[in-house]
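Chains, contacts and geometry: an overview
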Amino acid sequence: MFDKYNRNINYLRISVTDKCNLRCSYCMPIGGVNLISHKEILSFEEIYNVVSVGTKLGIDKVRITGGEPLVRKGIVELVGMLSSIPAITDLSMTTNGALLDRFSKPLAKAGLDRVNVSLDTMDASKFKEITRTGELSDTLKGIEAARNAGLYPIKVNCVVKESPLEPDALGVGRFCMEQGLQVRYIKEMDLGKGIFSKVIGGEGGDCIKCNRLRLTADGKIKPCLFSNLAYDIRELGTKDALSLAIGNKPESGSLNTENRFSNIGG
Ligand code: SF4
């Protein structure tokens, strides 16, 4: 479905949980955050319904995000449900990779096409410092397992302060070159201050070409990451919530004082 700025909105990013097994310094405070209560979290049937109704409005690309999607119990089952929808031609996931070694094969078998893995440094102690709880070796094992399971292409999301020329980013870039992985550099963003920029090597942050909607873990359709606009599928019904989100999608982002990255999935 085209929005009023003639952008074809065909991409739905779904945050399936606001929980995460890491505590990345640019995303979450060390003590974590107040999580969405269990009863508010969308069920698999509700998520499936949003996607299938969405396909009637032109959605054909779905990305599963979080928090960390692999901590959501039954995630492989959800992937199987979504991959069974014929109109979905591209089903992907963004993960921190810490659990990818264990999940790659079952995810690929369930119909997942590809993964984006977060990796900001090749220095193990720096990795621990940034994620506060993660091990670089786990994420690297996860990338290898994804490759072996045929989840391809594997894209690497590397968060930078200002530029891909920062030492950690250069290290990640070299690693990706050697491993035949696609790297994208994401400058640190601030929802509440409306600070964001185009993803270097990717499509995100390019408002003129923006084709995406987001579904939060508690059932809000968000037409834009940097906006407070939100349409509740439980209050409005799925079709109306999706149509209103597309119809009211802003020309470009401003700021978002309602969400955190951990509950909207970036
Ligand atoms: S800020 Fe909003 S309109 Fe711009 S690219 Fe992000 S989601 Fe799309």
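Here, the structure is the one placed above.
Here's a quick rundown of the structure. (Residues numbered from 1 in each chain as written. Predicted model: local features only at pLDDT ≥ 70, side-chain atom pairs only at ≥ 80, totals over all residues. Heavy atoms only, no water.)

1. A word on the sheet that holds strand 2 (residues 61-65)
Basically, it comes down to this: Only strands joined by at least two bridges in the DSSP assignment are considered to pair. In this text, helices come from DSSP runs of H or I with a minimum length of four residues, and strands from runs of E with a minimum of two, each type numbered from the N-terminal end. Note on contacts: a residue pair qualifies if any of its non-hydrogen atoms lie within 4.5 Å across the two residues. Axes, fitted as lines to C-alpha atoms, cover a helix only where it is in contact. Angles between the N-to-C directions of the axes lie from 0 to 180 degrees.
Strand order in the open sheet formed by nine strands is 6-5-4-3-2-1-7-8-9, with mixed pairing between adjacent strands. Across the chains shown, the open sheet's two edge strands, defined by having one partner strand only, are strand 6 (182-187) and strand 9 (231-232). Note that strand 5 (residues 154-160) and strand 6 share six bridges and pair parallel. Residue pairing in the sheet places valine 159 in a bridge with isoleucine 186 of strand 6. Seen against the sheet, helix 2 (residues 75-83) touches strand 1 (11-15), strand 2 and strand 3 (90-95) and runs at an angle of roughly 155° to strand 3.

2. Re the environment of glycine 194
What counts is decided by this rule: Note on classification: 1.4 Å probe, protein chains only; a residue is buried when its accessible area is under 20% of the maximum for its type, exposed when over 50%, partly exposed between these limits.
Along the chain, the position of glycine 194 falls in the loop between strand 6 and strand 7 (212-215). Given the relative accessible area of 23%, glycine 194 is considered partly exposed. Once you skip the residues sitting within four places of it in the chain, glycine 194 turns out to touch Phe226, Ser254 and Leu255.

3. Re helix 5 (residues 136-148)
Spacing of three or four residues puts side chains on the same side of an α-helix, whose turn is 3.6 residues. Heads up, the condition is: One less than the residue count of a helix, multiplied by 1.5 Å, gives the span that helix is expected to have.
Its 13 residues give helix 5 an end-to-end C-alpha distance of 19 Å, which sits within 8% of 18 Å, the value for a rise of 1.5 Å per residue. Within helix 5 the residues assigned to the buried category are Leu136, Thr139, Gly142, Ile143, Ala145 and Ala146. Tucked into the core, helix 5 has its buried residues touching helix 3 (100-110), strand 4 (114-118), helix 4 (124-131), strand 5 and helix 6 (167-179).

4. Overview of the site of the ligand
As a reminder, the rule being used: Nearness here has a simple test: a residue counts as near a molecule or strand if at least one of its heavy atoms is within 4 Å of that partner. All residues other than Ala, Val, Leu, Ile, Met, Phe, Trp, Tyr, Cys, Pro, Asp, Glu, Lys and Arg, Gly among them, are scored as polar; the first ten of these are nonpolar and the last four charged.
Taken together, Phe196, Gly205, Asp206, Cys207, Cys210, Arg214, Cys224, Leu225, Lys249 and Gly253 make up the full set of residues adjacent to the ligand. Here the residues of the shell around the ligand are counted per class, giving five nonpolar, two polar and three charged.

5. So, helix 8 (residues 238-247)
Short version of the rule: The directions considered for the arc run from the helix axis to the C-beta atoms.
Of all the residues in helix 8, the buried ones are Thr238, Ala241, Leu242, Ala245 and Ile246. When helix 8 is viewed along its axis, its buried side chains cluster within an angular range of 125° and face the same direction. Where helix 8 is buried, its residues meet helix 1 (44-55), strand 7, strand 8 (220-222), strand 9 and helix 7 (233-236).

Worth remembering: the numbers are spatial, not functional.
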